[in-house]
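The residues making up each chain are set out below.
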Amino acid sequence: MLISFNPQLAKVRKVKVILLDYLFIVLITLATISALKIIGAILVGALLVIPAAAARLIAGSMRQFFFLSVAIAYDIPAPSGGAIILIAGSCFMLLVIVKQLARIK
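All of these numbers come straight from a predicted model, not from anything done at the bench.

This brings us to the overall build of the protein chain. For the protein chain, the helix and strand inventory stands at five helices and zero strands. Along the protein chain, helices (α) and strands (β) appear in the sequence α-α-α-α-α when read from the amino end. Taking 105 residues into account, the globule formula puts the C-alpha radius of gyration at 13 Å, and the protein chain, at 24 Å, lies well above it. Every one of the 105 residues in the protein chain was classed for burial, and the buried ones make up 16%. Contacts in the protein chain between residues far apart in sequence, at least 24 positions, make up 35% of those at least 6 positions apart. For the protein chain, the exposed surface amounts to about 8,300 Å²; the carbon and sulfur share of it is 73%.

Here it is, written out as structure tokens:
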């Protein structure tokens with residue numbers, strides 16, 4: 001803890017600052033790698049579920065359902081996985097709102 005606040009004082013008190021810095025970097029790297037794997041799995045799941053759920057809201061047949069879910073999944077012009085999920089989720093929410101408004105009328 002002393003290294004975090006004052007590395008010079010920790011060095012004077014004979015704490016192995018460099019070793020603990022490297023250990024901290026390794027731990028952060030491991031946490032980042034495991035978080036990326038988990039986030040990647042969540043993104044893949046969302047990329048599979050969101051377009052199908054959005055297409056289900058407006059499809060009248062199984063054929064329409066298939067083509068709409070493919071169109072929603074592949075017609076998103078975004079460079080990043082997270083951005084694709086945000087756009088697909090926004091599309092889903094928009095379709096939910098439109099469907100609710102259509103029920104009211």
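From this point, the discussion proceeds with the structure in view.
Take a nonpolar patch on the surface next. Residues Val-15, Leu-20, Leu-23, Val-26, Leu-27 and Leu-30 make up a contiguous nonpolar surface patch of about 500 Å² in total accessible area. Structurally, Leu-27 is set in helix α3 (residues 17-58).

The next thing to look at is the UniProt feature "transmembrane region" (unreviewed entry) in the protein chain. Here the UniProt feature "transmembrane region" (unreviewed entry) sits at residues 22-50 and 80-98. In residues 22-50, helix accounts for 100% and strand for 0%; the two terminal C-alpha atoms are 41 Å from one another. Helix makes up 95% of residues 80-98 and strand makes up 0%, while its end C-alpha atoms are separated by 27 Å.

So, about the side chain of Ser-69. Within the fold, Ser-69 resides in helix α4 (residues 62-74). A polar side-chain atom of Ser-69 sits 2.9 Å from the main-chain carbonyl oxygen of Phe-66. When neighbours within four sequence positions are excluded, Ser-69 is seen to be in contact with Pro-51, Ala-52 and Ala-55.

The end-to-end C-alpha distance of α3 is 60 Å, a good match for the 62 Å that 42 residues give at a rise of 1.5 Å each. Among the residues making up α3, those that are buried are Val-17, Ala-46, Ile-50, Pro-51, Ala-54 and Ala-55. Buried residues along α3 sit against α1 (2-5), α2 (7-12), α4 and α5 (81-104).

Definitions and cut-offs
- Residues numbered from 1 in each chain as written.
- Predicted model: local features only at pLDDT ≥ 70, side-chain atom pairs only at ≥ 80, totals over all residues.
- Heavy atoms only, no water.
- Helix = DSSP H or I, 4+ residues; strand = E, 2+ residues; numbered from the N terminus.
- Rg over C-alpha atoms; globule rule 2.2 N^0.38 Å.
- Buried < 20%, exposed > 50% of the residue type's maximum accessible area, 1.4 Å probe, protein only.
- Contact = heavy atoms within 4.5 Å.
- Areas by Shrake-Rupley, 256 points an atom, 1.4 Å probe, with all protein chains shown as cover.
- Patch = residues over 30% accessible without salt bridge, like charges linked within 9 Å, V, L, I, M, F, W, Y side chains within 5 Å.
- Salt bridge = Lys/Arg side-chain N within 4 Å of Asp/Glu carboxyl O.
- UniProt positions renumbered as here; feature names shortened; annotations may be inferred.
- Polar contact = N/O pair within 3.5 Å; in protein donor to acceptor, adjacent residues only side chain to side chain.
- Expected span 1.5 Å × (residues − 1).

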